[in-house]
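Here's the letter readout for the chains.
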Amino acid sequence: MSKSPQKHSENDDDSNKFLLGVVEGFYGRPFTSEQRKELFKKLKRFGLQLFIYAPKDDCKHRAMWRELYTVEEGEHLQGLINAAKSAGIDFYYALSPGLDITYSSIKDTSSLKRKLDQVSQFGCQKFALLFDDIDSEMTKPDKEMFQSFAHAQVSVSNDIYNHLATKINCLNFLFCPTQYCSSRAIPTVTESEYLNTIGQKLLPSIDVLWTGSKVISKIITVKDIEEITEVLKRKPVIWDNIHANDYDQKRVFLGPYSGRNCELIPLLRGVVTNPNCEFHANTVAIHTLAQWSRCNSQVNTDSISDIKLETENEDCDECPPNYLSENMYHPRVALKNAIRDWLPDFFEEKKAFGPMLKPQPASALTPIIPPIIPKINTCMTLTLTTTSSGTIQPLPEVNTAQLHALADICSNVQTEAITKASVMNSLVSETKVVTTDSILAPILSSTISENNLQIRDKSPINVTVDVMEVEKASTEPSETGTEEAMDCGTPKHTLSDSSSINSEPHHKDETGVQQNVNEHNEEIDKIEKSQLSDDVVMTDSVNEQETMQEDSISEEDKCDPINYDDILLLCDLFYLPFEHGKQGLMILNEFQWLKTNAYVLSGNKNASNSEKTEVQEWFERSKGFLKLCEMVLNLMKKIALCVNRELCYDLYTYCWEMSNVVSICDSYVQWLTLGHFPSNSNSYIQGSFTWFSKGWKETFMSGDQEPWIFRGGLVVDIQRLVPIDSGNDLFIYRLPETPTLNFFSVRPYNNLDENDIYKICHKTCRDGSDCTDLFPSNLQEIASDRLVAPFVTLNPEFCMVVENNKKSIVGYGFAAPNAKHFYRSQETLWLPIAREKYPLTLLDSPDITPAAKDAINWFHNFKYDCAPNILIQYPSIVHCSILKEQLHLDSSISKRLMCVLLASLRTSGSSGCHVILNKSDKYLAEFYGKLGFTEIYHEDTKLILGRNF
């Protein structure tokens, strides 16, 4: 892979050669100096030749652009420049002054020259000025000086270029316009006064960056490039955001470079890719870009998302066509080549310490789904391959006009000056990124006060964090959702009617849209903020915690090393902004098929031969699906055990989140295999729009909307298929602080579990604690006979157990779809047995305890008196218990258990449930409260909580 791209010539001078490389231009945690130096070596090895330093949240690049570098910072920056030269990589230093620059101010232009002069003294000879993601409204002095906003930017840029050309003979200079893509050109590319002014007035030696038709363009066409070339009077340099993920904390993009035909290469000045925030997640992006640049033609492949998985050969997209030559680009082949080069990185020993933190800034007001969901139930069915009759409802249709309107709102709102800024510094250490109040404090009065930068009044804190430990770039909620400011004094991003903060790859605006969207976004905000750390991170104890965990790996946890197939699965699960990979689609399609065809399992005792064949097909496909789920869980385990801990920290949280939602589907399918649900179950598993709703997939894949309109990626697309209409809160998890093998699973109860279930009930029935001292020695089972036995005896098909990674049962969840019928059956079928086992004569025993008396009297005097109005809205009853020490290891398990229970109840026709507690059960009330239950009734000693789904 050391071969240089075909379009490059070693004899070309710098002003003519095709620019190909990486721009570190994302929001959130920057790369460290050590990572950048490693990147330079990769770029050279893969055949790329430039790097643009432009991290949005590195403090002196953007928020504090006027400030000169300290001696320490200068040494680190000079070290980067020297390392790039040693690797044969062109180092471009970019500055983003647009947040608060006054273009007519001699003082500001002098500050720009002074800053770039300082960097030139470090050995840098290539520069860039970026004016993206800023307000286009000029200040009063600028309006008096310049004819337009474009004239102002051109004047400053030309002046800086001439200054550098004269002083250091700088001939390589990049310019990023404020209207940097077709969708942001006002009114259009050809009619934009701004772009036409840039084309006419900007010096022809200055290259212009362009992202394509969108901020994140699915496809860049020859027509698009010819259009912008004519307006700009020069070939554009594509700033490609196809792999940028700084707008979505649930997505990382590991698919191949695609959507850009190789015919574009002669029409471009160059291509620079803006990669994932996670450094170690970018090998595929860079490697496949390099392969693309060496080709002169491309195979016309349909989108991977169009594969008909039910009828097509599984390996058809893996095999290149027979006519594929060395100079033809095929994205899937390029992916395979990149994976082979990436695999050795997983075995390179590297250390990482402290809690895992998401590098992206939290984007609270970007919806995870468009606000087009109707208030009525709609069915999400997939075309069936069986011929059975069943209740199949019409597909809901996506309102594309409303979706386009939302996209326009989210994409085209003009931004004003930042009201709050993330402040980080990656130039004070080789391996650390720093965030601190003290970075910002010295310059508040002189340079930022004019821009209404609001800083929370806090005592200065200076925290140095290892590579994976930058302190939070937002706030973190408590369990009740309250917020506190982060240490660096920059509270959570906020928006007013006329201003917004950007947190997109290279360029993004956000705004509130409709009330139902805002309510949904509050839950998404909790997801993102719950993944951020507390005020103080990076302690030795965290390192010790992971060390002890690794030392205690059991034989059950050990597995084969990660291999090519594992990484291909990883890439398919986290593919591209507008596409899911093949195996990701297989999970979606197979789960949907199993769910909508499960009716063939109910009432089939006298089934015909054809119906039996359909049942056989269902079970065969369920085995394949469960095997695929197992592969996903094993992938998470292999990532957790990866010796490259930096890479592990970058990827583990994504695998953990994927494993969570896949494990719910796994558990639900296991429950479906029992066949204990009505034959018309399809009419109950209706819900919101999903991947299979008419028009939804097509809209997602079209690229007509920016991908942050569909936030969450495959994880959320799978989540939407779980038959729970109102269950967003059950998918809000706090991430583990370090990679862990303590993953819990949920499965249906069987008779062999009874003793374990009784033991857990005994250990938890005293408001979550052990109840041994509440009962005499001969009555230790009485609590379990009261709380557990009725469910496992009368409704075993709605009983679930929780297992740890060693297959030990650590919790359970029971339900009855119809509480009224359940208690009537209990009176006639179970209580007579209990009364015989616990006769009233036991009350006269000398060692009887009050708790035992209460239980015996309950068996003999039971009366179900739940209010009828409760049973109408909350007809089902549930009962859950998990060992406290296991919840401390993984707090998500209670939510996953409840998801499976509610999905089984929904499939059986219920949409509401309740739980009955003693008023003194504070722990249990809090436990169910975190699962979305709220108080619906209380009396002197009884408390009833309920929730709908």
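Look above for the structure.
What you see is a predicted model, and the numbers here were worked out from it, not measured in a lab. The numbers attached to residues start from 1 for each chain and follow its sequence in the written order. Given that the model is predicted, a residue must reach a pLDDT of at least 70 before its local features are reported, and side-chain atom pairs must reach 80 or more before they are shown or counted; all residues, however, enter totals for whole chains, interfaces and linings. Side-chain measures were taken over the full set of non-hydrogen atoms in the model, leaving aside hydrogen atoms and water.

Asker: Got a minute to help me understand the overall build of the protein chain in this structure?
Answerer: In terms of regular secondary structure, the protein chain is built from 29 helices and 19 strands. Taken over 949 residues, the protein chain has a buried fraction of 62%. In the protein chain, of all internal contacts separated by at least 6 residues, the share reaching a separation of at least 24 is 82%. Carbon together with sulfur atoms contributes 49% to the accessible area of the protein chain, which is approximately 35,600 Å² in total. In this description a helix means any DSSP run of H or I spanning at least four residues, a strand means any run of E spanning at least two, and both kinds are numbered starting from the N terminus. Each residue gets one of three labels from its accessible area relative to the maximum for its type: buried under 20%, exposed over 50%, partly exposed in between, using a 1.4 Å probe on protein chains only. In what follows, a contact means two residues having at least one pair of non-hydrogen atoms within 4.5 Å. Residue exposure ignores everything except the shown protein chains as possible cover, and the areas themselves are Shrake-Rupley values with a 1.4 Å probe.

Asker: What is the right way to read unusual backbone geometry from this model?
Answerer: Peptide bonds are, in most cases, trans, and in most cases residues other than glycine have a negative phi. Put simply, Ile186 and Pro187 share a cis peptide bond, and its omega is -5°. In this fold, Pro187 is placed in the loop between β5 (172-176) and α6 (193-201). Non-glycine residue Lys807 carries a positive phi angle of around 65°. Tracing the backbone shows Lys807 in the loop between β14 (799-803) and β15 (809-816).

Asker: How should the pattern of salt bridges be read in this particular structure?
Answerer: Where charged atoms from two side chains of opposite charge approach closely, those side chains can pair. What counts as a salt bridge is simple: a side-chain nitrogen of Lys or Arg found within 4 Å of a carboxyl oxygen of Asp or Glu. Using the criterion set out here, one finds 33 salt bridges in the structure. Here Asp854 ties to Arg786 by a salt bridge, and the two come within 3.0 Å at their closest N and O atoms. Pair noted here: Asp854 is in helix α25 (residues 850-861) and Arg786 is in helix α22 (residues 782-787), with a separation of 68 residues, a long-range link. Under the relative-accessibility criterion, Asp854 is labelled partly exposed at 44%. Through salt bridges with shared partners, one network takes in Glu24, Arg36 and Asp58.

Asker: Would you explain the nonpolar core in this entry?
Answerer: Within soluble globular proteins, side chains that are nonpolar generally end up buried alongside one another. One finds Leu77, Phe91, Tyr93, Phe127, Trp342 and Met658 to be the most contacted residues of the largest nonpolar core, which totals 259 residues. Counting residues per element, this core draws most heavily on helix α18 (residues 645-672), which supplies 17 residues. When sequence neighbours within four positions are dropped, the list of residues in contact with Met658 reads Leu573, Phe574, Val632, Leu714, Val715 and Ile718. To define a nonpolar core, start from buried Ala, Val, Leu, Ile, Met, Phe, Trp, Tyr and Cys residues and group those joined through side-chain atoms within 4.5 Å.

Asker: Honestly, the packing of aromatic side chains in this entry has me stumped. Any pointers?
Answerer: In this description, a pair of aromatic rings is defined by centroid distance and the angle of the planes. To pair, rings of Phe, Tyr and Trp, with the six-membered ring standing in for Trp, must have centres within 6.5 Å; the planes then decide the type, stacked if under 30 degrees apart, edge-to-face if over 60, and tilted in the middle. Per the stated rule, a full pass over the model turns up 39 aromatic pairs. Here Phe26 and Phe31 contribute two aromatic rings whose centre-to-centre distance is 5.1 Å and whose plane-to-plane angle is 65°, an arrangement assigned as edge-to-face. Phe31 carries the same exposure label as Phe26, and that label is buried. Put simply, the rings of Phe791, Tyr812, Phe814, Phe822, Tyr823, Tyr838, Trp858, Phe859 and Phe862 touch in pairs and so form one group of aromatic residues. The side chain of Arg621 reaches across the aromatic face of Trp593, ending 3.9 Å from its centre. Here the guanidinium or amino end of Arg896 rests over the ring plane of Phe743, the centre of that ring lying 4.5 Å away. By the criterion adopted, a ring carries a charge over it if an Arg CZ or a Lys NZ lies within 6 Å of its centre and within 35 degrees of its normal.

Asker: Hey, could you run me through the pairing of strand β4 (residues 126-130) in this one?
Answerer: When you tally the buried positions in β4, you get five out of five residues, the bulk of the element. Along β4, one buried face is formed by Lys126, Ala128 and Leu130 and the opposite face, lined by Phe127 and Leu129, is buried too. If DSSP finds at least two bridges between two strands, the strands pair. Pairing of strand β3 (residues 90-95) with β4, which is carried by four bridges, proceeds in the parallel orientation. When the sheet's bridge partners are listed, Ala94 is paired in β4 with Ala128.

Asker: I keep staring at the packing of helix α5 (residues 149-168) against α6 and nothing clicks. Help me out?
Answerer: Each packed pair of helices is defined by two parameters, the angle between the axes and the distance between the axes. Here an angle of 0 to 180 degrees is reported between the N-to-C directions of two axes, which are lines fitted to C-alpha atoms, with helices fitted over the stretch in contact. Viewed as axis vectors pointing N to C, α5 and α6 meet at an angle of 30°, and their least axial separation amounts to 9 Å. By the angle between their axes, α5 is roughly parallel relative to α6. The way α5 lies across α6 gives a crossing that is right-handed. Residues Phe149, Ala150, His151, Gln153, Val154 and Asn158 of α5 touch α6, and the partners they reach there are Tyr194, Thr197, Ile198 and Lys201. Partitioning the contact of α5 with α6 into residue classes produces five nonpolar, four polar and one charged. For classification purposes, an angle smaller than 35 degrees is called roughly parallel, one larger than 145 roughly antiparallel, one from 65 to 115 roughly perpendicular, and anything else oblique. Left-handed describes a crossing in which the near helix is turned anticlockwise from the far one by less than a right angle; the clockwise case is right-handed. Three classes are used: nonpolar for Ala, Val, Leu, Ile, Met, Phe, Trp, Tyr, Cys and Pro, charged for Asp, Glu, Lys and Arg, and polar for all others, with Gly counted as polar.

Asker: Sorry, what's going on with the sheet that holds strand β7 (residues 237-240) here?
Answerer: The strand order around the closed barrel built from eight strands is β1-β2-β3-β4-β5-β6-β7-β8, with neighbouring strands paired in parallel fashion. Put simply, the sheet's adjacent strands are angled 25° from each other on average, direction ignored. Alignment of strand β1 (residues 19-24) against strand β2 (residues 50-53), held across four bridges, turns out to be parallel. Paired with Gly21 across the bridge in β2 is Leu50. Its contacts with the sheet place helix α3 (residues 106-121) against β3 and β4, and it is angled at close to 160° to β3.

Asker: For this particular structure, what's the right way to read the sheet that holds strand β13 (residues 745-748)?
Answerer: By way of backbone hydrogen bonds, the strands of a sheet pair with one another, either parallel or antiparallel. With respect to topology, seven strands assemble into an open sheet ordered β13-β14-β15-β16-β17-β19-β18, the strand pairing being mixed. Each of the sheet's edge strands pairs with one partner strand only, and the pair in question is β13 and β18 (934-938). Going across the sheet, the axis of each strand differs from the next one's by a mean of 30°, ignoring polarity. Across the sheet, helix α24 (residues 819-837) lies against β15, β16 (876-882) and β17 (912-918), angled at about 75° from β16, the strand it touches most.

Asker: Would you mind going over helix α8 (residues 283-293) with me for this structure?
Answerer: For an α-helix the count is 3.6 residues per turn, leaving residues at separations of three or four pointing the same way. The buried fraction of α8 amounts to eleven of the eleven residues, a majority that puts the element mostly inside the structure. When we look at burial in α8, the residues that qualify are Thr283, Val284, Ala285, Ile286, His287, Thr288, Leu289, Ala290, Gln291, Trp292 and Ser293.

Asker: So what exactly am I meant to see when it comes to the environment of Gly932 here?
Answerer: The residue Gly932 is located in the loop between α29 (922-929) and β18 in this model. Sequence separation between Gly932 and Asn728 is 204 residues; the distance between their C-alpha atoms is 9.7 Å. Excluding its chain neighbours within four sequence positions, the residues that come into contact with Gly932 are Asp729, Gly946 and Arg947.

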